[in-house]
Amino acid sequence: KSLQLINQTGNSSGSRDAILSPVLNFDGVSGVTMNFDVAFARKNNSDASSLKVSATNNCGQGWMMRYNKSGAGLETAPLSTSLFVPTALQWRNETVNLLSNAISGKPAIRLKFEFTNDQGNNIYIDNINITGNTNTIDVLDGVSEFNLFPNPSQGDFHVYFKLEKKLSILYSVKDITGREIISERKEFEAGNQEVIIASKLVPGIYIFTLATTNSQYAQKLIVR
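Visitor: Is there a simple way to explain the overall build of the chain in this structure?
Guide: Secondary structure assignment for the chain yields zero helices and 15 strands. A principal-axis box enclosing the C-alpha atoms of the chain has dimensions of 65 × 40 × 30 Å. In the chain, which comprises 224 residues, the proportion classed as buried is 42%. Long-range pairs, those at least 24 residues apart, make up 71% of the contacts in the chain with a sequence separation of at least 6. Total accessible area on the chain is roughly 11,800 Å²; 49% of this is exposed by carbon and sulfur atoms.

Shown next, in the form of structure tokens:
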């Protein structure tokens, strides 16, 4: 499956559509790069439809553009006035540089894909992957080896982490709109920890957050 925006009919020229990522935690991570696949066809040679990717580190008060392609530079297939559905050979992999110090190493980043239609046909986005280099193991004052399993899950999942000292931990689950579904605070002794979340979450994408008084770390959870 992929993200699909129907522009061939019903989406007027000049309209703008956007999709926002969940909050991403790049604390302790350098060299952040995003890759994604795109497929797009123009209807005619004058079509200047554009796709932009931007990042924010202040909850959307300001956006930093990191990718911008339009017109012939964006298309991956020949001109078409009929409903465009890409073949396997009509996709292109793109790289987005997120190396800026305003993005890499920051704890709360959101990314935005924004398409501006100018007589364009349909556009598709798939295989969004973000990579980087972890600079430290201890990401949460004394917390390490944080992981979720299984992931993807069927709704129930286990949380694993290690504590160097006794800590109060707040863990929560939010959906991609930011709506909090689970929230609980517990005291944990030092050592290896396992928390079983019997949540019966419905299929979708969630963000699991583990937080101490001073720091937090988030990981994407997929429920199928």
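Here the narrative resumes, following the displayed structure.
Visitor: Quick question: what am I supposed to make of the sheet that holds strand E15 (residues 216-223) here?
Guide: Strands pair in a sheet through their backbones, by hydrogen bonds, and they do so in one of two ways: parallel or antiparallel. Strand order in the open sheet made by the four strands is E12-E11-E14-E15, with antiparallel pairing throughout. Each edge of the open sheet carries a strand with a single partner, namely strand E12 (180-188) and E15. Adjacent strand axes in the sheet meet at a mean angle of 15°, parallel and antiparallel pairs treated alike. As paired strands, strand E11 (residues 167-175) and E12 are joined by eight bridges and run antiparallel to one another. When the sheet's bridge partners are listed, lysine 174 is paired in E12 with glutamate 180.

Visitor: What's the story with the layout of surface pockets in this structure? I'm lost.
Guide: By rolling a water-sized probe across the atoms, one finds the places where empty space is left. Volume-wise, the largest pocket comes out at about 1,400 Å³. Elements with a minimum of two residues in the lining of the largest pocket: strand E2 (16-20), strand E3 (29-42), strand E7 (110-116), strand E8 (120-134), strand E9 (143-149), strand E14 (204-211) and E15. Take the lining of the largest pocket: its biggest share by element is eight residues, from E8. For the lining of the largest pocket, the per-class residue count stands at 24 nonpolar, 13 polar and five charged. The volume enclosed by the second largest pocket comes to roughly 330 Å³. Taken together, the elements giving at least two residues each to the lining of the second largest pocket come down to E11, E14 and E15. Element by element, the count of residues in the lining of the second largest pocket is highest for E11, at four residues. Its residues assigned to classes, the lining of the second largest pocket shows ten nonpolar, seven polar and three charged.

Calculation rules
- Residues numbered from 1 in each chain as written.
- Predicted model: local features only at pLDDT ≥ 70, side-chain atom pairs only at ≥ 80, totals over all residues.
- Heavy atoms only, no water.
- Helix = DSSP H or I, 4+ residues; strand = E, 2+ residues; numbered from the N terminus.
- Buried < 20%, exposed > 50% of the residue type's maximum accessible area, 1.4 Å probe, protein only.
- Contact = heavy atoms within 4.5 Å.
- Areas by Shrake-Rupley, 256 points an atom, 1.4 Å probe, with all protein chains shown as cover.
- Pairing = 2+ DSSP bridges.
- Axes fitted to C-alpha atoms, helices over the stretch in contact; angles between N-to-C directions.
- 1 Å grid on protein atoms, 1.4 Å probe; cavity = no way out; pocket = protein on both sides within 12 Å on 5 of 7 lines; lining within 4 Å.
- Points joined across faces, edges and corners; volume = space filled by probe spheres on them.
- Nonpolar A, V, L, I, M, F, W, Y, C, P; charged D, E, K, R; others polar.

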